[in-house]
Amino acid sequence: WRDAAHRLTTATPQDIEFVSAWQAHVNRDCIAVVGTMPQTGSVEFLLPLEIVSKGPLSFARYPGGSHANANFPATGLLAAQMRNESLCAAVRRAVSLARPDIDAILLERQVANLGAMPNRLVSDTSVISPNVALSFALPATFQELLKERNGAKKQKKMRQMQRRMDERGGWRIFTAGSEAESNRVLDRFFLLKGERLKSRGLKDVFANPGVQAFFKALFADALSSTVPRYELHALEVGGEIAAVAGCTINGKHLTVEFGGICSSDRQLSPGDILYHLLIEQCC
């Protein structure tokens, strides 16, 4: 997998770091469907899957469940030339031979393309997500984006919020740069997110200790990488973290995988401030 990684196009939730951390901390029952060239044995396709149960049924899905977004199997140029139905049939055969106990393969939150590479597991019969409104392309400069999106009003609000934060002991935005800093940001996020979900009567999908250990391992290990793939950003007000954004970077795509905000001070909008400045940074 590591030897072939440089030749394959894949999304961050299907890279070896994400899957290894998920298997180590959340679900040991993971498999991979691998497509190789018969003549050379070179890997042209790799689909990692975890096995989960729901009632009497057993499913194979992308590792990470709802924590894995913008999924795209590791795909080489030759695999990309296959017909959708041929590749899907080959995946089904491989899984049924290796694991006859699996009732279905459920592939959700996929992207149809990653750059110029097509996802051959997405077909004409795939169900398209009804919510794509939160995805958009950034122009060349932040000023262009502000003009497109009522920027004068947003800038005025940001200045007002920054004055209020100065009155509360000052503020800073930072990216976690050490394991201790990363763990501190994540612990604060788990607390903020848990409180917010509980107040709305919703299940806390981050409450599982294994899931928390997974994210801590993932973001800590990413700090040693020369190519940033996972980043934790935080807004601190008066020495306390008020907003968190956990992001994945895949080429020119940045995805905010999760976010948490402190809503105890109704005169502040820490999430708005953090995302506003992150978007400026991305531009």
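Up top is the structure.
Worth saying up front: this structure is predicted, and the values here are computed from it rather than measured. (Residues numbered from 1 in each chain as written. Predicted model: local features only at pLDDT ≥ 70, side-chain atom pairs only at ≥ 80, totals over all residues. Heavy atoms only, no water.)

1. Comments concerning the packing of aromatic side chains
Turning to step 1, where the next piece is worked out: In total, this model carries 13 aromatic pairs according to the counting rule given.
Turning to step 2, where the next piece is worked out: Relative to F190, the ring of F189 has its centre 5.7 Å away and its plane inclined at 55°; by these criteria the two rings are tilted. F190 shares its class with F189; the two are buried.
Turning to step 3, where the next piece is worked out: A centroid spacing of 5.9 Å and a plane angle of 70° characterise the contact between F206 and F258, whose relative ring orientation is edge-to-face. Here F206 is found in the loop between α6 (179–199) and α7 (209–222), whereas its partner F258 is found in strand β11 (residues 253–261), with 52 residues between them in sequence.
Turning to step 4, where the next piece is worked out: A network of ring pairs unites the aromatic residues F18, W22, F189, F190, F206, F214, F215, F219, Y230 and F258 as a single cluster. (Phe/Tyr/Trp six-rings, centres within 6.5 Å; stacked < 30°, edge-to-face > 60°. Buried < 20%, exposed > 50% of the residue type's maximum accessible area, 1.4 Å probe, protein only. Helix = DSSP H or I, 4+ residues; strand = E, 2+ residues; numbered from the N terminus.)

2. Regarding the packing of helix α1 (residues 16–25) against α7
Turning to step 1, where the next piece is worked out: Orientation of α1 relative to α7, taken along the N-to-C sense of each, is 145°, at an axis distance of 9 Å. Considering the relative orientation of α1 and α7, their crossing is right-handed. Of the residues in α7, those in contact with E17, F18, A21, W22 and H25 of α1 are G210, V211, A213, F214, A217 and L218.
Turning to step 2, where the next piece is worked out: Here the residues of the contact of α1 with α7 sort into 8 nonpolar, 2 polar and 1 charged. (Axes fitted to C-alpha atoms, helices over the stretch in contact; angles between N-to-C directions. Left-handed = near helix turned anticlockwise from the far one by under 90°. Contact = heavy atoms within 4.5 Å. Nonpolar A, V, L, I, M, F, W, Y, C, P; charged D, E, K, R; others polar.)

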